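Below are the chains, spelled out letter by letter.
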Amino acid sequence: MGKWSLEVDGGTCIGSGMCTAIAPEHFRLEGDTSVPIDPSVDPDDLVVDAAESCPVEAILVRAADGSVVAPQP
Amino acid sequence: MEIRSYPFPDPDDLGVNETYLRLQREEPVSRVRLPYGGEAWIATRYADVKTVMGDPRFVRAPVMDPDRDPPRTMPEVPGISTILSMDPPEHTRLRRILAKAFTARRTAQLRDRAQEIVNDLLDRMEDQGPPADLMDALAMPVAITLISEMLGVPNLDRAQFRAWSDAAVAITAFTVPEIEAAAASLRAYIRDLVEEKRKHPADDMLTVLVTAHDDEDRLSEEELVSFGVTLLIAGHETTGSEIGNFVYTLLARPDKLAEVRADPSLLPTAIEELLRHTKLSGAPAFPRFATVDVELSGVRIAAGEAVFVDGLVANRDPEVFENPDELNFHRPSIPHFAFGHGVHHCIGAPLARMELQVAIATLLKRFPNLRLAGDVAIKKGRLVRGPQTLPVRW
């Protein structure tokens, strides 16, 4: 299975600490903004949980073929 | 190290008990003794509060464990868990069911409805003429109406519900049997509604929860009922109280009121600053527990020990906010913890912001001579603080 890509839209992120608490191995806070620790990861339900729980939908998870894994519309 | 009695008493105004601020300066991690369950730590600095709220090494579930005799404000260890006392992955499982309903995007779609509700309430207030109690005329009804409609609670008996909810968020303002009876009534009320949604599904959040239980097995029946009660209470006690708190603060501070009247585009920032500055929280709900040894401001918290934190105390940390006790609508950034931080970051934050903006902007625009018409007493002995009544004239 191919890698997933993680992106955080820094302009949208409000630094709620949601993703960094749900998936601390994938996100960390730099000041008040979350950043992916590694923008390319093996598929992991935790990054889907993080993206789906983000209050401002600032996290985008894509599959290797570019399709959106999370958040679902 | 001195062991202080906790919770510290609420001050008469909407400020922070001076003991918190002294501890923050002089003893940022200190020992307290609770009415039940013995001693705990309390951390007051922004950086430590952020760690306790956001770091997965701290968990909440032990507040439910009677064998632990957790430090607490009420005699009984809570017997029914809510999303507020859960940790990942259980917490994430529940939160994800409704996260979509509360995103900033979805909330923006409710703005027109919020505006309608506010307009209708203010029409009625104007028709009835001054003086009015703004808590009763605007603050509580706008918050209750919106969350009721989102959840799918029809024809709510508002007076009965207000009485139950007011007691359910009490710590010392009511007797323990009164508080328990109110909570039981709220559960029974939601339980009946859940049955109703089973028979007649609708486009609302209770139906989403029922479907998640019945068809997808994503939560238990008890979790469903708890979630409904929590959303209904948390969805209006906080926002309704803050509408009252912010209007009260503005009317009591003519200089600040003049600033937002002169430049209405300042209002969203003013609301963030009011969120930071207003001590909405009364007694603390419950602590977090360290799962491993953790150091906070040079103090070792041993695995298993409980730590109380309050984001609204962290909001007064001079390390992060210059002149923190000053209300300043021109701060360059306001990274406050009024909505918490980490997995329990308020799911309704975008909704609350939108309601506050619509309610306060519309009120100020329609009543250019709005002013206080009597003394205002702030409620005490509850989880959430706000004006008992807010008499105004115009």
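Residue indices begin from 1 for each chain and proceed along its sequence in written order. Throughout, the order in which chains and ligands are written sets their labels, letters from A for the former and numbers from 1 for the latter. For this predicted model, a pLDDT threshold of at least 70 governs which residues receive local features, and a threshold of 80 or more governs which side-chain atom pairs are given and counted, while totals over whole chains, interfaces and linings are taken from all residues.

(A) Layout of the overall build of chain A. Scanning chain A from terminus to terminus reveals two helices and six strands. N-terminal to C-terminal, the α/β element order of chain A is β-α-β-β-β-α-β-β. Scaling as 2.2 N^0.38, a compact globule of 73 residues should have a C-alpha radius of gyration of about 11 Å, and chain A matches this with 11 Å. With the C-alpha coordinates of chain A rotated into their principal frame, the extents come out at 35 × 25 × 20 Å. Whether two residues are in contact is decided by their C-beta atoms, placed from the backbone, lying within 7 Å. Here the contacts in chain A between residues at least 6 apart in sequence split such that 53% fall between residues at least 24 apart. Helix numbering and strand numbering both begin at the N terminus, where a helix is a DSSP run of H or I of at least 4 residues and a strand a DSSP run of E of at least 2. C-alpha atoms define the radius of gyration in this analysis, and the globule rule sets the expected value at 2.2 Å times the number of residues to the power 0.38.

(B) Structural context of the sheet that holds strand S6 (residues 288-290) of chain B. Residues and elements named next belong to chain B. Any two strands are treated as partners once DSSP identifies two or more bridges connecting them. Judged by pairing direction, the sheet is mixed, and its six strands sit side by side in the order S1-S2-S3-S9-S6-S4 without closing on themselves. Two strands close off the open sheet at either side, each with one partner strand: strand S1 (3-5) and strand S4 (58-59). Looking at chain direction, S4 and S6 are connected through two bridges and run antiparallel. Pairing of Phe 58 across the sheet is with Ala 290, part of S6. Axes here refer to lines fitted to C-alpha atoms; in helices the fit is confined to the stretch in contact. Angles between the N-to-C directions go from 0 to 180 degrees. Strand contacts of helix H2 (residues 46-54): strand S2 (29-33), strand S3 (39-43), S4, S6 and strand S9 (306-308), with the helix running at about 120° to S3, the strand carrying the most contacts.

(C) Region of interest: the interface of chain A and chain B. With 15 residues of chain A at the interface, the matching set in chain B holds 19 residues. Elements that contribute at least two residues to the side of chain A that touches chain B include exactly helix H1 (18-22) and helix H2 (45-53) of chain A. At four residues, the largest contribution of residues to the side of chain A that touches chain B is made by H1 of chain A. Any residue outside Ala, Val, Leu, Ile, Met, Phe, Trp, Tyr, Cys, Pro, Asp, Glu, Lys and Arg is labelled polar, Gly included; the first ten of those are nonpolar and the last four are charged. Considered class by class, the residues forming the side of chain A that touches chain B number six nonpolar, five polar and four charged.

(D) View of the pairing of S2 of chain B. Residues and elements named next belong to chain B. Sheet topology note: the S1/S2 ladder contains three bridges and is parallel. The residue bridging Ser 5 from the neighbouring strand is Arg 33, located in S2. Read from S1 through helix H1 (residues 18-26) to S2, the crossover connection turns out right-handed. Strand direction decides the pairing type here: S2 and S3, joined by five bridges, are antiparallel. Note that in S3 the partner of Ser 30 across the bridge is Ile 42. A loop of five residues connects S2 with S3, the two strands running antiparallel in sequence, and Gly 37 in this loop sits at a positive phi of about 85°. Seen with its strands pointing away from the viewer, a crossover is right-handed if its path from the first strand over the helix to the second goes clockwise.

(E) Geometry of the confidence of the model for chain B. Each residue carries a pLDDT value, the predictor's own confidence for that position, ranging from 0 to 100. For chain B, per-residue confidence averages 94 on the pLDDT scale, and 100% of positions sit at 70 or higher. Both scores are given for the predicted complex: the pTM is 0.95, the ipTM 0.93.

(F) Looking closely at the sheet that holds strand S1 (residues 4-8) of chain A. Residue and element names in this part refer to chain A. Pairing is antiparallel in the open sheet, where four strands are placed in the order S4-S1-S5-S6. Of all the strands in the sheet, the pair left with one neighbour each is strand S4 (40-41) and strand S6 (68-70). Bridge count for S1 against S4 is two bridges, and the pairing is antiparallel. Bridge pairing links Trp 4 to Val 41 in S4.

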